[in-house]
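# Examination of the molecular architecture
For reference, the chains in residue letters:
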Amino acid sequence: MITVRQAYSITIVGAGSSRTPALVGSIVDYKERFPLKQVVFFDINNDRMSKMDDYIRLVLAHEMPETEVIFTTDKAVAYQQADAVLVQMRAGDTHMRSLDEKIPLQFGLVGQETCGPGGFAYGMRSIGAMVEMVNDIRAVNEDAWILNYTNPAAIVALALHKIFPNDKRLLNLCDQPYSMMRSYAKILDVPQESLRATYFGLNHFGWFTDIYDTEGNSHFDSLKTFLKDNEFKPYNAEQRSASWLETYKRVNKYLQFFPEYLPNTYLQYYFFPEEIVAESNPTYTRADEAKDSREKEVFELCAQAVGRDTLGDLEILTGSVFGNLMIEIAESILHNLNNEFVIMVPNDGLIPNFPQEAIVELAGRLGSNGPVCKPYGDIKPFYKGLMEGQYAYELLTVESWIERDYTKALQALTLNRSVVDPQKARAVLDALMEVNKPYWTLEVK
């Protein structure tokens, strides 16, 4: 028997991102199991979004002619009819990302968009943008699921939970555990759909403690053995930039010291910061790399669609880990599938010996009632100590934004494992605050 599924309406916020055409490819890939009656593309930067308009319209007209496609800068149009709002905004665009990465390097600190001082600055911009967006959505649509992939997810998730504690249809998500599991499936030569995980941590700061299949067979020891003895190469490595591949290589190095669990790749920035700074080019960072590779290629592809009536031989971008996860999450919630993912939720007893108000990342299921995570239990002192320091950094960052408090911001950066030195923390905070004046300001209290 063929099951005919209900068609839904989704809105993509931050549609000017160069990731959007690949997300459209995921929409096409999943069209039979996740049919859509409407897709709305929304961005406040119409010039950037319009570069992809013709291409996206051609792809969807060719593959999903029954789906209504809308491009808009009007918030009411964007949100009124949405069943799910998929958010991938970047407050400050690529220009501010570049400063997030370059300014810390001037002080001998990690220059990364989600970790360390760069992540702090980006988080401070993202909180304000996300709070405004949630208010805009709820002003016209009380029922839409807000599925947020905006970085740095840990800081944004904690802030939104503090500001909107009763909004049960607001979820913050990350594709990195999903991406890593796809890479594990490739190493093990098994379908990703057959793998499940046991995982604990904070976003971009966690560990896999088991990888097993739907038959109950654990593959964890064999994975650890492989990754200790071999370089970790991610799925679709040929499509990744050089610096991204370096992120994966340090999993092998981490395991030489702490082989108990498999680390999230972002832990490299907290365990090997001096090494990473030494290898970084302070004038050419990942923002430049992305602009010169993925962004350039995407915009060139989209430009080929201008003036065409048919898709013809234009490539449909498929296989996006980020895009696939976004669609799978929306599908699991709206169709009440209760599929399993690694997701961010309030702790609330899931890890008993960790602050209960923290937003933790654990394996869980997603259905029409939202996330349901498996209780993990107590965590060991080493991981607890690391996580408590990171959570204190996240909490102070959020409080510094809410209270406009310079001292709390300085405390946050000093606590961050990639900084530690209060002199450097103050210097980089002052420099970041200067260039972020249009987005956030702080006062000494």
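Right, let's walk through the structure included here. Quick caveat: nothing in here was measured; it's all calculated off a predicted structure. Throughout, a residue's number is its position along its own chain's written sequence, starting from 1. At least 70 in pLDDT is required for a residue's local features to be given in this predicted model, at least 80 for side-chain atom pairs to be given and counted, and no such filter applies to totals for whole chains, interfaces and linings, which use all residues. Computation of side-chain values covers all heavy atoms of the structure but excludes hydrogens and water.

Geometrically, the link from asparagine 151 to proline 152 is a cis peptide bond, its omega value of -10° lying close to zero. Looking at where proline 152 falls in the secondary structure, it is placed in the loop between strand E5 (145-148) and helix H7 (153-163). Backbone geometry at asparagine 336 places phi at a positive 50°, although glycine is not the residue there. Considering the arrangement of structural elements, one finds asparagine 336 in the loop between helix H14 (321-334) and strand E10 (339-346). For asparagine 338, which is not glycine, the phi dihedral falls at a positive 55°. Secondary structure elements are taken from DSSP: a helix is a run of H or I of four residues or more, a strand is a run of E of two residues or more, and numbering for both begins at the N terminus. Within the secondary structure layout, asparagine 338 lies in the loop between H14 and E10.

Now for the sheet that holds strand E8 (residues 205-213). The criterion for strand pairing is that DSSP finds at least two bridges linking the strands in question. Strands sit in the order E7-E8-E9 across an open sheet of three strands; the sheet is antiparallel. Both outer strands of the open sheet, strand E7 (195-202) and strand E9 (262-263), are each paired with one neighbouring strand and no more. Pairing geometry for E8 and E9, over two bridges, is antiparallel. Residue phenylalanine 208 lies in a different strand from E9, and its bridge partner there is leucine 262. Any two residues whose heavy atoms approach within 4.5 Å at even a single point are treated as in contact. Helix axes use the C-alpha atoms of the stretch in contact, all axes being lines fitted to C-alpha atoms, and the angles between their N-to-C directions lie in the range 0 to 180 degrees. Against the sheet, helix H8 (residues 176-188) engages E7, E8 and E9, with an angle of about 140° to E7. The strands touched by helix H15 (residues 381-403) within the sheet are E7 and E8, with E7 carrying the most contacts at an inclination of about 65°.

This paragraph deals with the environment of asparagine 203. In this structure, asparagine 203 sits in the loop between E7 and E8. Only protein chains enter the accessibility calculation, which uses a 1.4 Å probe; a residue is then buried when its area is under 20% of its type maximum, exposed when over 50%, and partly exposed in between. Looking at asparagine 203, the relative accessible area reads 4%, which means it is buried. In this structure the C-alpha to C-alpha distance between asparagine 203 and leucine 311, which are 108 residues apart in sequence, comes to 39 Å. Residue contacts for asparagine 203: discarding those within four places in its chain leaves Ala153, Ala154, Cys174, Met344 and Glu361.

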